[in-house]
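# An overview of the molecular structure
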Amino acid sequence: MMEKPPLPHEDDTVVTRDSLLCSLAGEGSQEGVVEPPARDGWDSKVEYFLAQVGFSVGLGNVWRFPYLCHQNGGGAFLLLYVLLMILVGIPLFFLELAAGQSIRQGSIGVWKHISPKLAGIGYSSCVVCFFVALYYNVIIGWSLFYLGNSFQYPLPWEECPEHGNTTVEECTASSPTTYFWFRKALNITDSIEETGEFNPVITCCLLAAWTIVCMGMFKGIKSSGKVMYFSSIFPYVVLLCFLIRGLMLDGAAEGIKYMFYPKLEIWGEVQVWRQAATQVFFALGLGFGSVIAYSSYNPHSNNCHRDALTVSTINFLTSVLASLVVFAVLGFRAREVAMRCVTRNLEKLSEQFSVGPLDRDLLPGFNISDPSLVPLEAYRDWFTAHGAKVPGNLTDCSLEEEMNKGVEGTGLAFIAFTEAMTLFPGSPFWSALFFLMLLNLGLSTMFGTLEGILTPLTDNFKVLKRHKTKLTVFSCIVGFLIGMLFTQRCGNYFVMMFDDYSATLPLIIVVVFECFSVSWVYGADRFLDDIEKMLHWRPPVIYKYLWKYVCLLAMLGLLGASLLRMCFKRPTYTAWNRQTASEVTLDYPDWALAVLAVLIIFATLPVPMGYIHSTLRSRTRHNFLGSGTDTGAVYTKCSTVECDTPVADLLDKHLERNGIPNDSPSPLAEENLRLLPQREGVEDIEDSTDL
């Protein structure tokens, strides 16, 4: 069983299955097996809860969820997201929480505990965590750069700079915020193939970001847990402030209505289901190993089922709150831009009427001499009816079109939202508040990501456990040095490449193996039995069928859809063209596709390698001992708790004959089980320990 009961007291004289195992293995020896030192734990449940919420609630809640909701049917996407969260997200999140809390190991130890052949799943999680940490901290560095520039008035991205006596043409053709992002912050090249030199300012910001992360992780959860009190709570304070301010702005209602307007026809599109499932997958941080790592420091009887429901609900509500804020502010921005468009067009119209006589039937019913008083809807109605008949190249002024511009990812945070804040009274204050929020959202997720690397490694390698502080510092140094790849002038394109491809497929593969291992290899019934012994109540049986069928099939479908999309549609990225001062979509060059393939293969390779290594090790031991026992098929599909290992079968027969209680072995007994082959003639106990 997976349950880890405490060691028996010295005065406990009851003969049990554990005591018999220990006596069989250690009878006559002078030295017993030493129980490993007690595992660190959270100082309080609040710290743990804030850590889980802080890890799951990240930048994606603020800049990816609103975009997906807006692009994929508004309220219809919300319903689809909730459905997938209930059927797939929460069950898998609960699975990881329960596994980590029960076995009290990181991702490597958890899957190795279930079967040594599955240890590669944990190593793959560590590799993906490292890939994500590399580019995620670059985004934190960008936030630091903007935060530092927010303490100016006016903000440096409010107006286009002048070169001599003329305004910079690239800025005029785009916008001040767009120009500042692509030219001042990134100084970006026209494509990924133009590497360019390092950006010294962003490199320094990346160094500062890794320094902050290192200081926060210096003492493991003892230090990062304290930081979570601020980094996890502060973003909610900022979001509420922005929501209150945003709802008071002209155009906020239109923005929110535009986002949540339901388009139920999108439910028939496979692409929408794929994006919703991917967002659920990443929103909860499944497959990273961070959820397992955090829960492994919990008390054994902690109610992880309640935690799964609570954290998932908070994550969803945070996404909705962020969407309200984003589209209230973007609605205000879109209306401001649209009204400037109306003003320009009415000035052209006034010129046409002053230059020569025009048909009076074309004259609008509103006063064109004061454009600020003309409603946007009135102008659009007039333009639809008569705009094409008036000379002067008048244009439509669409609020919806403006809402569609720059609302995804970095475009939302560093262009669209930043531009909207320049229209606020006291814009430096709001800008500093916004980027401080992004910084804290990124840090709380970054702490969890790094914990998903450090905890499994220190749990499985004693030398690393003894030097965990040095390992933390070393990991941050290596992360900074490799992360300098993203501080080149073309670094933003590599960030997009890592974000879109290097993590998605490997993480889906990891979760597929996790779900299969628990529900089919170990057995969903046995896993529920373990949870029942841990929590003293049994979770609903519906989880068994969700894990075995719904979650597994959903993840396989998501994996298949992602692979088909990559195979039938060449991967592309969005580049900034200096000459046209606009974004263009380009195909990744062949060498970049080769890099993508290497990253994906490298991240997933530990899974088959772990299986092969364990199989070869078992066969080698089998040949060395010269036994006829088949150690290559120790684990078979288990669907009930009665499915036991060879050693357990021998022991249970002995217990039945002698009337000894048949309880599950403690860690001490499990350690002594490894000595049984020499006494009982059973090989490869390490690969067949009953969990």
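Residues numbered from 1 in each chain as written. Predicted model: local features only at pLDDT ≥ 70, side-chain atom pairs only at ≥ 80, totals over all residues. Heavy atoms only, no water.

### A short note on the pattern of salt bridges
- In total, this model carries 14 salt bridges according to the counting rule given.
- For glutamate 170, the salt bridge identified is with arginine 183, shortest N-O distance 3.0 Å. Of this pair, glutamate 170 sits in helix 8 (residues 169-173) while arginine 183 sits in helix 9 (residues 176-185); the two residues are 13 residues apart in sequence, bridging distant segments of the chain.
- Classification of arginine 183 as buried rests on a relative accessible area of 8%.
- Between arginine 335 and glutamate 254 there is a salt bridge; the shortest N-O distance is 3.1 Å. One end of the pair, arginine 335, is in helix 16 (residues 304-355); the other, glutamate 254, is in helix 13 (residues 252-260), and 81 residues separate them in sequence.
- The class of arginine 335 is buried, set by a relative accessible area of 9%.
- Connected through salt bridges with shared partners, the residues Asp43, Glu47 and Lys226 form a single ionic network. (Salt bridge = Lys/Arg side-chain N within 4 Å of Asp/Glu carboxyl O. Helix = DSSP H or I, 4+ residues; strand = E, 2+ residues; numbered from the N terminus. Buried < 20%, exposed > 50% of the residue type's maximum accessible area, 1.4 Å probe, protein only.)

### Quick look at the pairing of strand 4 (residues 582-587)
- As paired strands, strand 3 (residues 572-577) and strand 4 are joined by six bridges and run antiparallel to one another. In the sheet register, threonine 574 faces strand 4, and the bridge partner there is threonine 585.
- Where strand 3 hands over to strand 4, the hairpin turn is made up of four residues, of which alanine 581 adopts a positive phi near 55°. (Pairing = 2+ DSSP bridges.)

### Here we look at the UniProt feature "binding site: Na(+)" (unreviewed entry) in the chain
- Here, UniProt's "binding site: Na(+)" (unreviewed entry) annotation points to Gly54, Val57, Asn61, Asn315 and Leu441. A maximum C-alpha distance of 12.5 Å is found for the annotated residues, which run over 388 residues; spatially they form one tight group.
- In this structure glycine 54 comes out as buried when scored by relative accessible area, which is 4%.
- Apart from residues lying up to four places away in sequence, glycine 54 is in contact with Ser232, Ser444 and Thr445.
- With respect to the helices and strands, leucine 441 occurs in helix 20 (residues 427-460).
- Beyond its immediate stretch of four places on either side in the chain, leucine 441 contacts Val57, Gly58, Leu59, Val62 and Pro235. (UniProt positions renumbered as here; feature names shortened; annotations may be inferred. Contact = heavy atoms within 4.5 Å.)

### A closer look at the packing of helix 5 (residues 75-103) against helix 25 (residues 542-568)
- Between helix 5 and helix 25, whose axes approach to 9 Å, the crossing angle comes to 115°. Note on packing geometry: the crossing formed by helix 5 with helix 25 is left-handed. Taken together, the residues of helix 25 that come into contact with helix 5 (itself represented by Leu87, Val88, Ile90, Pro91, Leu92, Phe94 and Leu95) are Tyr543, Leu546, Trp547, Val550, Cys551, Ala554 and Met555.
- In terms of residue class, the contact of helix 5 with helix 25 is made up of 14 nonpolar, no polar and no charged. (Axes fitted to C-alpha atoms, helices over the stretch in contact; angles between N-to-C directions. Left-handed = near helix turned anticlockwise from the far one by under 90°. Nonpolar A, V, L, I, M, F, W, Y, C, P; charged D, E, K, R; others polar.)

### Comments concerning the packing of aromatic side chains
- All chains considered together, the criterion is met by 48 aromatic pairs.
- Residues tyrosine 81 and phenylalanine 316 carry aromatic rings whose centres are separated by 5.9 Å and whose planes lie at 20° to one another, so their mutual orientation is stacked. Separated by 235 residues along the polypeptide, tyrosine 81 in helix 5 and phenylalanine 316 in helix 16 bring together distant segments of the chain. For the pair formed by tyrosine 81 and phenylalanine 316, the shared burial category is buried.
- The ring of tryptophan 520 carries lysine 548 above its face, with NZ or CZ at 4.3 Å from the centroid. (Phe/Tyr/Trp six-rings, centres within 6.5 Å; stacked < 30°, edge-to-face > 60°. Lys NZ or Arg CZ within 6 Å of the ring centre and 35° of its normal.)

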